[in-house]
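# Per-entry structural report
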Amino acid sequence: MDGSEKAAGASSDDIQFDTESAMTITGDETPGKESPNLKGNDWSMMAKLQEENDRNLAAGFRKQELGVTWQDLSVQVISSEAAVNETVLSQFNIPTKIKEGRRKPPLRTILNKSHGCVKPGEMLLVLGRPGSGCTTLLKMLANRRGGYKSVEGDVRFGSMQPKEAEEFRGQIVMNTEEEIFFPTLTVGQTMDFATRLKVPFKLPDGMTASEYQQASKKFLLESVGISHTEHTKVGNEYVRGVSGGERKRVSIIECMATRGSVFCWDQSTRGLDASTALEWTKAIRAMTDTLNLSTVVTLYQAGNGIYDLFDKVLVLDEGEQIFYGTREQARPFMEEAGFICREGSNVADYLTSVTVPTERRIRPGFENRFPRNAEALRAEYEKSPIYTQMVADYSYPDSELARERTEEFKKGVAFETSKSLPKNSPFTVGFLDQVKICVQRQYQILWGDKATFIIKQVATLCQALIAGSLFYSAPDNSGGLFIKSGALFFSLLYNSLLAMSEVNESFSGRPVLIKHKGFAYFHPAAFCLAQIAADVPVLLFQVSMFGLVLYFMVGLSMSAAAFFSYWIIVFTTTMVSAIQFAHMAVN
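Here the structure is a predicted model, which is why all the values come from computation and not from measurement.

This next bit is on helix α7 (residues 244–256). With 13 residues, α7 ought to run about 18 Å at 1.5 Å a step, and its terminal C-alpha atoms sit 19 Å apart, in line with that. Of all 13 residues that make up α7, 12 are buried, and the element is covered over most of its length. Within α7, burial applies to Gly245, Glu246, Arg247, Lys248, Arg249, Val250, Ser251, Ile252, Ile253, Glu254, Cys255 and Met256. Its buried side turned inward, α7 meets β5 (172–175), α5 (187–196), α6 (209–223), β6 (262–266), α8 (274–291) and α18 (501–518).

Here you go:
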């Protein structure tokens with residue numbers, strides 16, 4: 001970032017160090033002195049956001065304010081030295097299994113006794129170099145505990161425990177670092193799918209479900225400035241589509257479409273230019289303030305303009321939490337510990353550089369007494385008044401305010417959930433609507449890659465003609481018995497093998513399925529049923545075209561009963577093969 005992002009002004013109590021090794025610290029230069037527009041009120045969509053929020057509240061929508069608090073949170077995984085993959089024979093080595101079962105595998109701690117509190121309306125910035133545990137912390141705060149050997153500590157969502165909060169995974173969401181999409185869908189189709197599955201059961205007066213969905217989609221596209229990409233494919237490394245920065249913004253608004261209460265953003269500015277990253281942070285700030293969301297963000301490179309929009313900062317170093325406090329307290333604490341923030345530096349980069357021995361600069365006079373590792377810096381922090389001040393917030397989950405907000409949150413979710421769903425369902429629209437929307441998307445995916453679909457059908461017709469010419473006009477005697485049986489066997493074999501393409505299609509769609517399951521868009525059963533339902537017309541056309549050509553060219557029995565028996569058997573076999581291959585890919 002350039003120097004213009006640095007706060008201007010100076011005071012009479014400036015503290016100056018050597019200009020080569022330190023910066024000039026002034027009262028006004030320390031980030032945290034807010035200007036009227038600092039908190040995102042200058043976001044271009046602020047007025048529209050406020051208008052939509054007022055409309056929803058007037059229609060009876062309840063506030064969904066939750067917050068997240070955690071204490072003594074530790075996460076362990078099996079050490080890489082002990083993570084040995086099995087072979088076909090080694091898994092049956094009983095003596096070795098018994099021997100290994102007697103001793104516990106070595107564990108590695110990737111997060112050690114982390115603590116913090118993000119109340120409704122607050123934004124927390126998590127800083128740390130790669131491998132410090134930032135993503136793991138976000139997963140814990142998004143209630144994603146799978147894949148870890150041990151998770152200890154107390155995490156509360158409002159006043160709810162993690163087990164109870166699993167029912168609300170659609171309101172406690174995480175946007176990961178990867179952009180995972182169906183590349184052949186357009187941006188508009190991707191957002192249509194997301195917004196249709198989050199249309200509340202009860203709508204504002206005078207609005208239909210379609211109008212509400214279109215209004216949500218339009219707002220989200222405009223909020224990140226990609227309305228012009230609505231009819232462009234999302235694309236990937238193989239399919240030409242939108243640019244990398246635009247794809248990242250699609251990932252952002254797809255997460256926003258969940259209309260959650262707790263948002264965890266993992267490196268969501270990666271691939272964005274500085275101005276777009278700042279605009280995104282202003283959008284998140286405005287939504288957090290207006291809707292009273294709880295927002296946790298990890299960033300590797302955050303300019304001062306972005307840094308100033310956060311309320312609190314948490315710094316991790318190799319799993320150790322070396323600082324947690326307000327934004328205004330972070331830099332002074334590190335400077336008092338003996339680390340220099342050079343003039344013109346980004347404060348977020350400075351806080352991260354403290355954890356890197358080759359990058360940090362030591363203040364004169366502190367060479368022999370500055371904290372040299374994460375444990376020493378953590379000890380310094382826990383002795384500071386900042387620690388005592390922040391620990392006082394950890395009683396929030398047991399407060400009357402938190403319990404009232406949690407009950408109001410539950411009522412608000414129930415108000416928006418379809419009445420055809422069970423009470424503890426995390427989804428918004430009914431199961432049949434989920435299947436219908438997923439079927440529509442399956443056809444959009446199919447037509448988005450129309451070249452592959454057309455080639456497959458043309459190849460099927462060619463194979464039918466070739467096979468028909470090989471077995472052409474088989475005689476009705478013992479000599480034709482082997483020819484006709486060969487034609488029947490080829491009918492089953494070809495269509496069954498063609499169904500093997502389901503493996504690639506289902507396997508490539510599995511990450512999207514997992515992401516959408518985390519967003520509580522639909523039940524996985526709805527997705528599976530939609531795949532089957534979408535395959536039926538396609539396979540009917542394919543088997544009918546193949547069978548009509550081959551059956552009559554070979555000269556099989558010329559009766560309706562015999563033909564339809566052949567057709568039903570081939571179709572059933574093809575359908576079962578397609579489902580089997582899809583099941584193999586998913587599992």
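The subject of this paragraph is the packing of aromatic side chains. Scanning the entire structure with this criterion turns up 23 aromatic pairs. With centroids separated by 5.5 Å and ring planes inclined at 65 degrees, the aromatic side chains of Phe519 and Tyr521 adopt a geometry described as edge-to-face. For the pair formed by Phe519 and Tyr521, the shared burial category is buried. The lysine or arginine in question, Arg369, covers the ring of Phe366, its NZ or CZ lying 4.0 Å from the ring centre. Above the plane of the ring of Phe193 lies Arg441, whose end atom (NZ or CZ) is 4.0 Å from the centre.

This part covers the packing of helix α1 (residues 46–58) against α8. α8 packs onto α1 with a crossing angle of 30 degrees between their chain directions and a minimal axis gap of 10 Å. Put simply, α1 runs roughly parallel to α8. α8 is crossed by α1, and the crossing has right-handed handedness. On the side of α1, the interface is formed by Met46, Leu49, Gln50 and Asn53, while α8 contributes Ala286, Met287, Thr290 and Leu291. Tallied by class, the residues present in the contact of α1 with α8 amount to five nonpolar, three polar and no charged.

The next thing to look at is the packing of α5 against α7. Following both chains from N to C, one finds α5 and α7 inclined at 15 degrees, their axes separated by 9 Å at the closest point. In terms of orientation, α5 and α7 fall into the roughly parallel class. Regarding α5 and α7, the two cross each other, and that crossing is right-handed. The residues of α7 that touch α5, namely those facing Val187, Thr190, Met191 and Ala194, are Val250, Ile253 and Glu254. Here the contact of α5 with α7 is composed, by residue class, of five nonpolar, one polar and one charged.

Scanning the model with the defined rule gives 29 salt bridges in all. The partner of Glu335 in a salt bridge is Arg331, with the nearest N and O atoms 3.3 Å apart. Taken as a pair, Glu335 and Arg331 lie in helix α10 (residues 327–336) at a separation of four residues, close to a single helical turn. The class for Arg331 is buried, based on a relative accessible area of 5%. Across the pair Glu382 and Arg378 runs a salt bridge whose closest N-O atoms are separated by 3.0 Å. Here Glu382 and its partner Arg378 are both found in helix α12 (residues 374–382), four residues apart, which amounts to about one turn of the helix.

Our next topic: the side chain of Gln213. Of note, Gln213 is situated in helix α6. Using a relative accessible area of 5% as the deciding quantity, one classes Gln213 as buried. With sequence-adjacent residues up to four places away left out, Gln213 is seen in contact with Asp192, Thr195, Arg196 and Val199.

The next point concerns the nonpolar core. With 114 residues, the main nonpolar core has Trp70 and Leu351 as its most contacted residues. At six residues, the largest contribution of residues to this core is made by α8. Contacts of Trp70, omitting those with residues within four sequence positions, involve Ser114, His115, Gly116, Cys117, Val118, Leu124, Leu137, Leu141, Asp154, Val155, Leu314 and Gln321. Ala464, Ala474, Ala487 and Leu556 belong to the second-largest nonpolar core, a separate cluster that totals 22 residues.

This part takes up α12. Along α12, the residues that are buried comprise Ala374, Leu377, Arg378 and Tyr381. Down the axis, α12 shows its buried residues gathered within 100 degrees of arc, on one side only. Contacts made by the buried residues of α12 are with β2 (107–118), β8 (312–317), β9 (320–326), α10 and α13 (385–391). Put simply, Asn373 is the residue that caps the front of α12, since its side-chain oxygen is 3.3 Å from the backbone nitrogen of Glu375.

Analysis parameters
Residues numbered from 1 in each chain as written. Predicted model: local features only at pLDDT ≥ 70, side-chain atom pairs only at ≥ 80, totals over all residues. Heavy atoms only, no water. Helix = DSSP H or I, 4+ residues; strand = E, 2+ residues; numbered from the N terminus. Expected span 1.5 Å × (residues − 1). Buried < 20%, exposed > 50% of the residue type's maximum accessible area, 1.4 Å probe, protein only. Contact = heavy atoms within 4.5 Å. Phe/Tyr/Trp six-rings, centres within 6.5 Å; stacked < 30°, edge-to-face > 60°. Lys NZ or Arg CZ within 6 Å of the ring centre and 35° of its normal. Axes fitted to C-alpha atoms, helices over the stretch in contact; angles between N-to-C directions. Parallel < 35°, antiparallel > 145°, perpendicular 65-115°, else oblique. Left-handed = near helix turned anticlockwise from the far one by under 90°. Nonpolar A, V, L, I, M, F, W, Y, C, P; charged D, E, K, R; others polar. Salt bridge = Lys/Arg side-chain N within 4 Å of Asp/Glu carboxyl O. Core = buried A, V, L, I, M, F, W, Y, C linked by side-chain atoms within 4.5 Å. Arc of directions from axis to C-beta. Polar contact = N/O pair within 3.5 Å; in protein donor to acceptor, adjacent residues only side chain to side chain.

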